Amino acid sequence: MSRDTEYGAGQIQVLEGLEAVRKRPAMYIGSTDSRGLHHLVYEVVDNAIDEALAGYCDHIEVTIHDDGSVSVSDNGRGVPVDTHEQYDRPAVEVIMTVLHAGGKFDNKSYQVSGGLHGVGVSVVNALSRRLAVEIKRDGALWRDSFDHGEPEAGAFERVRDLREGEETGTTVRFWPDEEIFETVDFDFSTLENRLRELAFLNSGVEIRLAEEPDAAGERADEAVPEGRSREFCYEGGIREFVRYLDETKTVLHDDVIYYTDSQDDIEVEVALQATEELQGSIHAFANNINTREGGTHLTGFKTALTRVVNDYAGEQNLLDDLDSLKGEDVREGLTAVISVKHPDPQFEGQTKTKLGNSEVRGITESVTHEKLGTYFEEHPDTAEAIVRKAVEAAKARKAAKQAEELTRRKSALESTSLPGKLADCQSRDPTESELFVVEGDSAGGSAKQGRDRRFQAILPIKGKILNVEKHRLDRVLENDEVRALITAIGAGVGEEFDVEDVRYERIILMTDADVDGAHIRTLLLTLFYRHMRPLVEAGYVYAAKPPLYRVRYRGETYDAMTEAERDRIIEEKCDGNPTQVQRFKGLGEMNPDQLWETTMNPENRVLKQITVEDAAAADKMFSVLMGDAVEPRKQFIKDRATEAEWVDI
Ligand code: 28G
């Protein structure tokens, strides 16, 4: 066989491989949207991280260029350029054009990173209109380039000798194929967040992100003439990650606990710190991938953590009258980062972000048990702070349970303990009974006068009810407005809630059509979603939709829910001069008759049934707006500053 035919055969095989990637890109990178696009960068950066983990590289530079390309440089050994025996081509060309030739599948070298899909740089090449690589190694600068994944004829060249003291390394620059991706705009802050995370997870590696001036200027929305740049390097690794996560929180001890160990080539690294928060935030990574669905490393950590804290609390007699601390008590307000590196990670779950390797559970558990146990012995102040917080959480959990039971027993006593503010209906049949939860005493008064008392009950709610995000359930239940609502509904709360006991099968939230009204509705929905979810699931929760406008013309009145409807009425029904338009600013502006006619009378009114999704959306918005995390809140407010964004139902 001549060399030419041999080469030709190899070439055909190569093209087939990459053609498959171009045909079904989503199979390799997840999607062809913005996520998939950014995945290309991660795939290339991961190769540089591997070179850093192998100990040969400590600097990585990512640049968003003005022509829509991205380049990644490292100061590692440089991708080999010598002739690959099997393919008779430069090694770099094989790596760039043969699917899975990067080393992950065909060689057992210790490579721990590799993006979520771990598909290798040839996939990036296949999905790029153009890709150029520059390599400094073996005393020279080398170049090669590719067109839609195919080697450009004669492109591989030795450009020049390396200068005295010039570092070795690799630069890969690629132009994503706009025929494959829905968008080819790289987002600076998306890359920034991932690169920061990678810098935390790989201590000592310096990662720089820059955009060329024009790459910034071209975006119409943000004018940053000089182009942004960021540099991340954390000698303290995940210890600094925990400090970063706790930046906006009140910590219970100054030291960040840190330990690391490895067994059977599996490396376990953990950093943690207790905070005053109610929410815990534990982040688990496997081979630098955020395992959002958890997995064996997380399970092992949790088990050992609960045991170590309980053991210490028992030995030091810190449990007070409690029997033991539950895992959820120990994790309350705990910030932790768990990072494992495994030579052959198995990812499972819906989004392939759950670590499946079963041996990791035992290893993480035993490492945590030993190292955290030792840490506690050597740092009794820190250990005690963590135990005290867990004890407090356990007591609060017990108190909440008692409060639930108490509320339930009280509501079982029925009408004698019904709240004084409640104007109950005459009917005792829940299927026909309605409870209007009304914002403000004045609207409450109108509703009481306007209602049909046979089946409609009214509960006025004052202003803004308690911030349920910031308080544990026992504190929420101390709030008068909340208690009145729970008692009126009559079915308990929390784990004790029993939807069979509701006194009304329609709970109708009647709030003003303004920001405050929307806020109160959001608060109520959050309360229902968190503590009485079966009520929402059963479809018993509704929002009243009072009209915004009333149009009067020659003795007739017409109500309109929207501005457009108002205009249509004026257009269709009114013929010129004596048209009166009234805008209802709040429920309080309507007299009892108007309120009945427009909003309460089953014949005319419009109700919106609240779905679990509606309530979940309210809950989510509430968490962002009221939670302690400053950045997401700022972002949220920046993104949607208008009142219209308040759960618009
Ligand atoms: C700049 C963008 C992303 C890389 C290297 C270095 C080596 C390498 C890369 O080898 C093939 C398989 C195992 C040896 C390895 C250099 C050993 C010796 C390397 C990168 C050949 C891959 N000298 N740096 N690949 N190995 N940086 N940065 O992609 O047997 S990829």
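Above this text is the structure in question.
Residues numbered from 1 in each chain as written. Predicted model: local features only at pLDDT ≥ 70, side-chain atom pairs only at ≥ 80, totals over all residues. Heavy atoms only, no water.

> So what exactly am I meant to see when it comes to the sheet that holds strand β25 (residues 579–583) here?
Either a parallel or an antiparallel arrangement is found when strands of a sheet pair, and the pairing is made through backbone hydrogen bonds. Strands sit in the order β24-β23-β25 across an open sheet of three strands; the sheet is antiparallel. Single-partner strands in this sheet number two, and they are β24 (556–560) and β25. Looking at each pair of strands side by side, their axes are set apart by 20 degrees on average, direction ignored. In terms of strand pairing, strand β23 (residues 549–553) meets β25 through five bridges, oriented antiparallel. (Pairing = 2+ DSSP bridges. Helix = DSSP H or I, 4+ residues; strand = E, 2+ residues; numbered from the N terminus. Axes fitted to C-alpha atoms, helices over the stretch in contact; angles between N-to-C directions.)

> Sorry, what's going on with the packing of helix α13 (residues 441–450) against helix α19 (residues 592–600) here?
Pairs of packed helices are described in terms of their axes, by the angle between the two and the distance that separates them. As a packed pair, α13 and α19 sit with axes 8 Å apart at the nearest point and diverge in direction by 80 degrees. Of the possible angle classes, the one that applies to α13 and α19 is roughly perpendicular. The residues of α19 that touch α13, namely those facing Ala443, Ser446, Ala447, Gln449 and Gly450, are Pro592, Leu595, Trp596 and Met600. (Parallel < 35°, antiparallel > 145°, perpendicular 65-115°, else oblique. Contact = heavy atoms within 4.5 Å.)

> Help me understand the pattern of salt bridges in this model?
If the charged atoms of two oppositely charged side chains come close together, the side chains can form a pair. Inspection of the entire model under this criterion finds 32 salt bridges. Measuring nitrogen to oxygen at the nearest pair gives 3.1 Å for the salt bridge that ties Arg160 to Glu166. Between Glu481 and Lys421 there is a salt bridge; the shortest N-O distance is 3.5 Å. Placement of the pair is Glu481 in helix α15 (residues 480–489) and Lys421 in the loop between α12 (380–412) and β19 (434–439), with a sequence separation of 60 residues. The partly exposed category is assigned to Lys421, whose relative accessible area is 28%. (Salt bridge = Lys/Arg side-chain N within 4 Å of Asp/Glu carboxyl O. Buried < 20%, exposed > 50% of the residue type's maximum accessible area, 1.4 Å probe, protein only.)

> Where do I start with the sheet that holds strand β12 (residues 257–263) in this structure?
Sheet architecture is open: five strands sit in the order β12-β13-β16-β14-β15, paired in mixed fashion. Each edge of the sheet is formed by a strand with only one pairing partner; in this case those strands are β12 and β15 (289–290). By the bridge criterion, six bridges tie strand β14 (residues 281–286) to strand β16 (residues 334–341) in an arrangement that is parallel. Within the sheet, the bridge partner assigned to His283 lies in β16 and is Val337. Sheet strands touched by helix α11 (residues 359–378): β12, β13 (266–274) and β16. Its angle to β12, the strand with the most contacts, is close to 135 degrees.

> Looking at this structure, I do not really get the nonpolar core. What am I missing?
A general feature of soluble globular proteins is that nonpolar side chains tend to end up buried together. Formed by 60 residues in total, the largest nonpolar core has its most connected members in Val41 and Phe174. Per-element accounting of this core gives the leading share, nine residues, to helix α3 (residues 34–53). Setting aside residues no more than four positions away along its own chain, Phe174 makes contact with Leu40, Val41, Val44, Ser69, Val70, Val124, Ser128, Arg130, Leu131 and Phe186. Counting residues in hydrophobic clusters, the runner-up holds 40 residues, among them Leu272, Leu318, Val360 and Val391. (Core = buried A, V, L, I, M, F, W, Y, C linked by side-chain atoms within 4.5 Å.)

> Which parts of the structure should I look at to understand the environment of Ser427?
Positionally, Ser427 belongs in the loop between α12 and β19. We classify Ser427 as buried; its relative accessible area is 10%. In this structure the C-alpha to C-alpha distance between Ser427 and Arg453, which are 26 residues apart in sequence, comes to 8.6 Å. For Ser427, the residues in contact, after removing those within four places along its chain, are Glu432, Ser433 and Arg454. In terms of polar contacts, Ser427 uses its side chain to reach the side chain of Glu432, at 2.6 Å. (Polar contact = N/O pair within 3.5 Å; in protein donor to acceptor, adjacent residues only side chain to side chain.)

> So what exactly am I meant to see when it comes to the packing of aromatic side chains here?
In this description, an aromatic ring pair is defined by two values, namely the gap between the centres and the angle between the planes. Per the counting criterion, the structure on display carries seven aromatic pairs. On the numbers, 6.1 Å between centres and 85 degrees between planes, the contact of Phe174 with Phe186 is edge-to-face. With a gap of twelve residues between them, Phe174 in strand β9 (residues 169–176) and Phe186 in the loop between β9 and α6 (188–201) connect regions that are remote in the sequence. On the accessibility criterion, Phe186 (9% relative accessible area) is buried. With a centroid separation of 5.6 Å and an interplanar angle of 80 degrees, the aromatic rings of Tyr312 and Phe376 are classed as edge-to-face. Of this pair, Tyr312 sits in helix α9 (residues 296–315) while Phe376 sits in helix α11; the two residues are 64 residues apart in sequence, bridging distant segments of the chain. Taking relative accessible area as the criterion, Phe376 reaches 1% and is therefore assigned buried. Linked through ring pairs, Phe200, Tyr234, Phe241, Tyr244 and Phe285 together constitute an aromatic cluster. In this structure, Arg239 is placed above the aromatic ring of Tyr258, and the distance from its NZ or CZ to the ring centre is 3.7 Å. (Phe/Tyr/Trp six-rings, centres within 6.5 Å; stacked < 30°, edge-to-face > 60°. Lys NZ or Arg CZ within 6 Å of the ring centre and 35° of its normal.)

> Help me out: how do you make sense of the environment of Leu195 in this one?
For Leu195, the location among the structural elements is in helix α6. Sequence spacing of Leu195 and Ile60 is 135 residues, and the spatial spacing of their C-alpha atoms is 9.9 Å.

> Help me out: how do you make sense of the packing of α9 against α11 in this one?
It is the contact of α9 with α11, at a shortest axis distance of 7 Å, that shows an interaxial angle of 30 degrees. Viewed along their axes, α9 and α11 adopt a mutual orientation that is roughly parallel. At the point where α9 passes α11, the crossing takes the right-handed sense. Residue classes in the contact of α9 with α11 are distributed as nine nonpolar, nine polar and six charged. (Left-handed = near helix turned anticlockwise from the far one by under 90°. Nonpolar A, V, L, I, M, F, W, Y, C, P; charged D, E, K, R; others polar.)

> So what exactly am I meant to see when it comes to the side chain of Asp144 here?
Within the secondary structure, Asp144 sits in strand β6 (residues 140–147). Lacking a salt bridge, the buried Asp144 has Arg89 as its closest oppositely charged neighbour, with an N-O distance of 6.2 Å. At 3.3 Å, the side chain of Asp144 forms a polar contact with the backbone nitrogen of Phe156. Excluding residues that lie within four positions of it along the chain, Asp144 makes contacts with Val92, Glu93, Leu131, Ala132, Val133, Ala155 and Phe156. (Lys, Arg positive; Asp, Glu negative; His and termini not counted.)

> Whenever I open this one, α3 confuses me. Can you help?
Along an α-helix, residues three or four positions apart point the same way, because every turn accommodates 3.6 residues. Between its first and last C-alpha, α3 extends 28 Å over 20 residues, near the 28 Å set by a 1.5 Å rise per residue. Gly55 lies just past α3 and shows a positive phi near 95 degrees. (Expected span 1.5 Å × (residues − 1).)

Distances and angles like these do not, on their own, reveal function.
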